[in-house]
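Structure at a glance
The chain contents come next:
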Amino acid sequence: MELRLYDTLTREKRAFTPIDANNVRMYVCGPTVYDFAHIGNARPVIVFDVLFRLLRHIYGENHVTYVRNITDVDDKINDRALRDYPGLPLNEAIRKVTEKTADQFQADVKALGCLPPTVQPRATEFVLPRPDGKTDMVTLIKELIARGHAYEAGGEVLFDTQSMPDYGALSGRKLEDQQAGARVAVDAHKKHPTDFVLWKQSSPEEPGWDSPWGRGRPGWHIECSAMSAAYLGTMFDIHGGGLDLIFPHHENEIAQSRCAHGTHAMANYWMHNGFLQVEGEKMSKSLGNFLTIRELLTDWPGEVLRLNMLKTHYRSPIDWTLKGLEESYRIFREWHDLAVSIDKIDLETLSAYPKRPKFPLVVAALCDDLNSSMAIAEVHKLRNLMVHGSGDPTAFTDALRFLGLHHDNYSLVENLAEGKKREVEKLVAERTAARARKDFKESDRIRDELAAMGVVIKDSKEGTTWEIAR
Ligand code: AMP
Ligand code: ZN
């Protein structure tokens, strides 16, 4: 079966040929860790998890390397650290913010059925030369200066975009067009307005590393050039992220990597997911329609959120609506109940079915540029076959597992289904009442009942809160 992927750089769907079929290599830009991830952030995570699963299916589990970084150096992180931990030294406060947020992110995407990537490097560990010799940012910047692609000006190190003849190919932006209207006065130290920062100085209040250009910190783009080279080499197969990253982030990653390594490409396929809107509007805190993954998980099983995401092709925009979620919930509930009953069939009965590829049409749909809505339609067909009693029933459950929609641990699913949230709230209130009248036997019993539902409760001076155990 031929895998075909749409490549943003060549603007065409092409047959996928890996550089090395024994080690297919993919890099996806990960989260900047300063706050809970929103449901838009979940889109690339889910989309590229599906691709990771598909590549593992085709090339073998141990023949795919998937790197998704964690951006733990960013001015938004510094601001959050100062706000949340005003008494602590900045570095400590930053570490607290990034570790807490990264842990929240891992728990969220696990609940969305995503496999952990092969490696999840943190940017701060790749700023300075490393004892293991893996590519780091300072060495890359030095290389860019040595090769005449970067220069120091105004206390910064900048990439010289005019030194690269085809700068702008990914986004289709030409250097000449960018000159017009550029705010030259603001960027007086730049040779060209599109030149971008590789290294900038840090004030004593900002996090910084000692470098050949003084104490400072890296620009945003260089971290992905360093971490991708560190784990995937100077050229690799697939680079992914959301549409908004095409320019400037991915354009600049390409410029840095190709010019530092003297290669003709950074990755052979550039893949970008479309944007997610909520009820027809851009998601924003000011509009009050900002949905974190964490909040959504208190109302819906992770699999429902995943299925809802996969109903739309990854390159199309998604309108995330309550109506859509309710429909996904109905589908998932029905599939789930059927899957649980299939899981109970004994091995002897199952072994009577002939051994053959179980869900080839689901795989075929994904092989067509990750056509996940078609894959879901194929799962519906498998479900109908099961219900009408023909064929190996595990074709259906295995297809669900392959898509990350069926696990052996059902607690989340069973316990948060349909109105369960209200039930939890009721029990929590009953427990609070029991505690108020000092009936600790009853309050402990309710706590245990909640625990059995996969819910943990936390008491504090402010009152009692609850969350899903993970
Ligand atoms: P950020 O933490 O903002 O750098 O974003 C992490 C990832 O989420 C990037 O790949 C973004 O392109 C992606 N992303 C952010 N917002 C949305 C959205 N509304 N819809 C789809 N993808 C998004
Ligand atoms: Zn990146």
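Before reading on, note that the structure itself is shown above.
Residues numbered from 1 in each chain as written. Chains lettered and ligands numbered in written order. Predicted model: local features only at pLDDT ≥ 70, side-chain atom pairs only at ≥ 80, totals over all residues. Heavy atoms only, no water.

Our focus in this paragraph is the layout of surface pockets. Of the voids in this model, the largest pocket is the one considered here, and its volume is about 1,000 Å³. If you trace the largest pocket, you find 41 residues lining it, with H38, G40, N41, D244 and F275 closest to the centre. Elements with a minimum of two residues in the lining of the largest pocket: α1 (39–59), α3 (90–111), α6 (220–232) and β12 (276–278). Of the residues contributing to the lining of the largest pocket, the split by class is 17 nonpolar, 14 polar and 10 charged. (1 Å grid on protein atoms, 1.4 Å probe; cavity = no way out; pocket = protein on both sides within 12 Å on 5 of 7 lines; lining within 4 Å. Points joined across faces, edges and corners; volume = space filled by probe spheres on them. Helix = DSSP H or I, 4+ residues; strand = E, 2+ residues; numbered from the N terminus. Nonpolar A, V, L, I, M, F, W, Y, C, P; charged D, E, K, R; others polar.)

Another aspect to go through is the pairing of strand β3 (residues 24–28). Burial analysis of β3 places five of its five residues in the buried class, the great majority of the element. Burial along β3 is two-sided: the face carrying V24, M26 and V28 and the face carrying R25 and Y27 are both buried. For the crossover from β3 across α1 to strand β4 (residues 64–68), the handedness is right-handed. Pairing of β3 with strand β10 (residues 236–242), which is carried by three bridges, proceeds in the parallel orientation. Among the inter-strand pairings, M26 is bridged to a residue of β10, identified as I238. (Buried < 20%, exposed > 50% of the residue type's maximum accessible area, 1.4 Å probe, protein only. Right-handed = clockwise from strand over helix to strand, strands pointing away. Pairing = 2+ DSSP bridges.)

So, on to the sheet that holds strand β5 (residues 150–153). Spatial ordering of the open sheet is given by β5-β6-β7-β9-β8, a layout of five strands whose pairing is antiparallel. Edge strands, defined here as strands with exactly one partner in the open sheet, are β5 and β8 (209–211). Adjacent strand axes in the sheet meet at a mean angle of 40° when their direction is disregarded. Examined bridge by bridge, β8 and strand β9 (residues 214–218) share three bridges and lie antiparallel to one another. Note that in β9 the partner of D210 across the bridge is R215. Running over the sheet, helix α4 (residues 137–146) touches β5, β6 (156–159), β7 (196–201), β8 and β9 and is turned about 120° from β7. (Axes fitted to C-alpha atoms, helices over the stretch in contact; angles between N-to-C directions. Contact = heavy atoms within 4.5 Å.)

Within the structure, ligand 1 sits among 13 residues, and G40, N41, G242, D244 and L276 are positioned closest to it. Between ligand 1 and the protein, one listed contact pairs a nitrogen atom with a backbone N or O atom of G40 at 3.1 Å. Contact distances for ligand 1 include 3.0 Å between an oxygen atom and a backbone N or O atom of G242. Within the complex, 83% of the 490 Å² of free accessible area of ligand 1 lies under protein. The site holding ligand 1 turns out to be the largest pocket. Breaking the shell around ligand 1 down by element, the ones donating at least two residues are α1 and β10. The dominant element in the shell around ligand 1, judged by the number of residues it contributes, is α1, at three residues. (Near = heavy atom within 4 Å. Polar contact = N/O pair within 3.5 Å; in protein donor to acceptor, adjacent residues only side chain to side chain. Areas by Shrake-Rupley, 256 points an atom, 1.4 Å probe, with all protein chains shown as cover. Sits in = over half its atoms within 2 Å of the grid points.)

Each strand in a sheet pairs with another by means of backbone hydrogen bonds, the pair being arranged parallel or else antiparallel. Taken together, the four strands give an open sheet; going across it, the order is β4-β3-β10-β11, and neighbouring strands pair in parallel fashion. Strand pairing shows two members of the sheet lacking a second neighbour, β4 and β11 (267–273), which therefore form its edges. The sheet shows a mean angle of 20° between the axes of neighbouring strands, taken without regard to direction. Looking at chain direction, β10 and β11 are connected through six bridges and run parallel. Paired with I238 across the strands is Y269, a residue of β11. Sitting on the sheet, helix α7 (residues 246–261) is in contact with β10 and β11, with an inclination near 160° to β10.

Before going further, it helps to examine the coordination of the zinc ion (ligand 2). Taken together, the protein donors to the zinc ion (ligand 2) comprise C29 (SG), C224 (SG), H249 (NE2) and E253 (OE), at separations of 2.0 to 2.3 Å. Taken together, the four donor atoms coordinating the zinc ion (ligand 2) span angles of 78 to 129° at the metal, a pattern that classifies the geometry as irregular. Sequence spacing of the donor residues for the zinc ion (ligand 2), all on one chain, is C-x194-C-x24-H-x3-E. Highlighted residues: C224 in helix α6 and E253 in helix α7, separated in sequence by 29 residues. Taking the relative accessible area as the measure of exposure, E253 reaches 0% and is therefore buried. (Donors = N, O, S within 2.8 Å, 3.2 Å for Na, K, Ca; no water. Tetrahedral: all angles 85-135°; square planar, octahedral: opposite > 155°, others 65-115°.)

Right, let's talk about the nonpolar core for a bit. Residues L55, W320 and F396 are the most contacted members of the largest nonpolar core, which totals 71 residues. Among the elements that make up this core, the one with the highest residue count is α1 (12 residues). Counting residues in each nonpolar core, the second largest holds 40 residues, with V73, M137, M164 and C224 among its members. (Core = buried A, V, L, I, M, F, W, Y, C linked by side-chain atoms within 4.5 Å.)

Within β11, six of the seven residues are buried, which leaves the element mostly enclosed by the surrounding structure. In the classification by handedness, the crossover that spans β10, the intervening α7 and the parallel β11 is right-handed.

To continue, consider the pattern of salt bridges. Scanning the model with the defined rule gives 33 salt bridges in all. Between E61 and R56 there is a salt bridge whose closest N-O contact spans 3.7 Å. For E61, a relative accessible area of 54% translates into the label exposed. The class of R56 is partly exposed, set by a relative accessible area of 22%. Here the residues in one salt-bridge network are D343, K358, D398 and R401, joined through shared partners. (Salt bridge = Lys/Arg side-chain N within 4 Å of Asp/Glu carboxyl O.)

So, to be careful, I would describe these as geometric facts and stop short of saying anything about function.
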